[in-house]
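# Structure assessment
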Amino acid sequence: MSPTITDGGPILPDAALSIFCEALRGAIAARYPDAPPAEIAFEAPRRPEFGDFATNAAFSLARVARSSPQQVATTLIADLQKRAPKLGELFAEISATAGFINLRLQPDIWQAAVAQIVREGSDFGQSAPQNVRISLEFGSANPTGPLVVVQGRTCSIGATLANTMRFCGYDVFTEWIINDAGGQLDTLGRSVYARYRQIYDRKYPFPEEGYPGDYLLPIARAIADEDGERWVPADESEWLPYFSQRGRDTLVAGQQRTAERFGVHFDLWQSEKELQDAGHVQAGLQRLIDDGVTYEEDGAIYFRATQFGDDKDRVLVRRDGRPTYFCTDVAYHYDKLQRSDRVIDILGPDHHGYIGRLKGLAEALGYSRDRLDALIAQQITLMRGDEQVSISKRSGHIVTLDDILDEVGLDAARFFFVLPAPESPLTFDLKLAKEQSNENPVYYVQYGHARIASVFRNANTSDVEAARAGSSLASLTHPAELALARRIAELPRLARNVVDQLAPHRLTRYARDVASDFHQFYTECKILTADRSERVARLSLCIATQTVLARVLNLIGVSAPEAM
């Protein structure tokens, strides 16, 4: 049952909007009985002077009313003033602008929101369990080298989404796929062997298609230290499996250490080879064959992908009997779809064609296309100021994720990797990431948190304790105070939006907005003023703001420092 104005106790923003929505539906039904049921949604106006919230409900009624949206909005507002005059207790202003109905809440609504944040603390905005299990795959790499900047971005995006989904009550299982079933492992083995042989013979040739990075040297040296020249006279059939597996295991262990250093935990590191060895690839293939969505041609087995929206049918098994990369995807996604309510993949910039293909695969396996989502993490350009950093894995010029962490630190790396929308290219300025200035977005946000901590250090202990009660907030009426209160109250709605739209970058934007509104409040409103009631109220607002900033930084994977 929706709350009413006469229920008693403080009314929170969502409750006030619910009351308005119910009143507006009644006004619409009375004024336009032939109109279909109104779908009423609220969003923040583009300009703050228009109010706190706006709805475009009048636009959908314009045709039925045979009037402009502005006239419909004006008429409905007039009807509301007659039908629900007590809305004035909740809304300081209800107006029509360009067809939108704009709402400005009374200050005590925002004061109640601040009190709620202070009261709930770090639990503010957190949802109850949704009883929905999500498989989130956001890490994959050939086990042929260390993690690089591309994996840094996908790991940051995925970990931020996982944190926010859990905050919103979802059961999230995070997964990394080790691409160790292809011919690249043989190439790796030959590369490590060449480095091993060069310890004894500098002129030993390096494979033309090998991996030239210096990161293979320690592996070769470790083998030489353990086995000496044992492998020098051996045939390739003897040394290749050993050097391939040794290289693979060493590099995967290094990738796992880097992920942990980056603050990213995976519940499962899934080997493609293990999928094949355990029979999962054959089981997934057999499911498609049994469902009649495959065919044979020239000795190969094809998936009827065009039947499910793809631009061409896809090879599952080559003529020589080897499964394709897509066949392994069939097996892995069949497994994930069986054990999850929703499957989400975060893919690299060269996988655009995979989105429709994977959705078609879900449908072919008997699941809704909506049960599987894929997100593309676009390419990265590394800069140091005006200078672009060269990256070429084939030539051995790579920038590892560990290099990034060594240069700019964990906080800047996690924040910068999430800054733009995943589908937008990222220009990562390493020089900016190290600056201690307001131009550096992570520094700007962290400074906001540290600045609040400084306020508490300078405040009287009894005032801070009184502020933690959050019971005396009536003096919070200054525009900068209300703007900040409005911003921090957005957290629950924003978190749900991040999850629904798979848009983790909105958290970094929100963090900057909260910090900006706090710095504005700090400039315009003296916090430790002579008036105790005002002083305590503003300290309560500081407590609420610090709570929200710390939570958002935590979701992104960034620390919330007490001092800078």
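Residues numbered from 1 in each chain as written. Predicted model: local features only at pLDDT ≥ 70, side-chain atom pairs only at ≥ 80, totals over all residues. Heavy atoms only, no water.

### Details of the overall build of the protein
For the protein, the helix and strand inventory stands at 21 helices and 14 strands. Summarising its shape, the C-alpha atoms of the protein cover approximately 95 × 60 × 40 Å along the three principal directions. Looking at the 564 residues of the protein, the share that counts as buried comes to 52%. For the protein, contacts bridging at least 24 residues in sequence account for 72% of all contacts bridging at least 6. Entry remark: accessible area of the protein is about 25,600 Å², with carbon and sulfur atoms responsible for 45%. Taking the 61 positively charged and 75 negatively charged side chains of the protein as two groups, their mean positions are separated by 4 Å. (Helix = DSSP H or I, 4+ residues; strand = E, 2+ residues; numbered from the N terminus. Buried < 20%, exposed > 50% of the residue type's maximum accessible area, 1.4 Å probe, protein only. Contact = heavy atoms within 4.5 Å. Areas by Shrake-Rupley, 256 points an atom, 1.4 Å probe, with all protein chains shown as cover. Lys, Arg positive; Asp, Glu negative; His and termini not counted. Charge placed at Lys NZ, Arg CZ, Asp CG, Glu CD.)

### A word on the environment of Arg 493
Assignment of secondary structure puts Arg 493 in helix 19 (residues 491-501). With residues up to four places along the chain from it excluded, the contact list for Arg 493 reads Asp 14, Leu 17 and Phe 53. Among the polar contacts made by the side chain of Arg 493, one reaches the side chain of Asp 14 at a distance of 2.6 Å. (Polar contact = N/O pair within 3.5 Å; in protein donor to acceptor, adjacent residues only side chain to side chain.)

### As for the pairing of strand 8 (residues 300-303)
Residues of strand 8 alternate between two faces, with Ala 300 and Tyr 302 on one and Ile 301 and Phe 303 on the opposite face, all of them buried. Looking at chain direction, strand 7 (residues 294-297) and strand 8 are connected through four bridges and run antiparallel. Its bridge partner being in strand 8, Glu 296 is matched across the sheet by Ile 301. The hairpin formed by strand 7 and strand 8 contains two residues between the paired strands, and Asp 298 there has a positive phi angle of roughly 55°. By the bridge criterion, three bridges tie strand 8 to strand 9 (residues 314-317) in an arrangement that is antiparallel. Of the residues in strand 9, the one forming a bridge with Phe 303 is Arg 314. (Pairing = 2+ DSSP bridges.)

### Some remarks on the packing of aromatic side chains
One pass over the structure, following the stated rule, counts 28 aromatic pairs. Between Tyr 196 and Tyr 200, the aromatic rings sit 5.6 Å apart at their centres with planes inclined by 75°, giving edge-to-face as the arrangement. In this pair, Tyr 196 and Tyr 200 are both assigned in helix 6 (residues 184-200), four residues apart and thus about one turn of the helix distant. Residues Phe 518 and Tyr 522 carry aromatic rings whose centres are separated by 6.0 Å and whose planes lie at 45° to one another, so their mutual orientation is tilted. Of this pair, Phe 518 and Tyr 522 both sit in helix 20 (residues 505-524), separated by four residues, roughly a single helical turn. Each residue in the set Tyr 193, Tyr 196, Tyr 200, Tyr 204, Trp 231, Trp 239, Tyr 242 and Phe 243 is aromatic and connected to the rest through ring pairs, giving one cluster. Between the NZ or CZ atom of Arg 451 and the centre of the ring of Tyr 522, over which it lies, the distance is 3.8 Å. (Phe/Tyr/Trp six-rings, centres within 6.5 Å; stacked < 30°, edge-to-face > 60°. Lys NZ or Arg CZ within 6 Å of the ring centre and 35° of its normal.)

### Some points on the side chain of Arg 197
Along the chain, Arg 197 turns up in helix 6. Despite being buried, Arg 197 has no salt bridge partner; Asp 201 is the closest side chain of opposite charge, sitting 5.2 Å away. Aside from chain neighbours lying at most four places away, what touches Arg 197 is Tyr 204 and Val 232. (Salt bridge = Lys/Arg side-chain N within 4 Å of Asp/Glu carboxyl O.)

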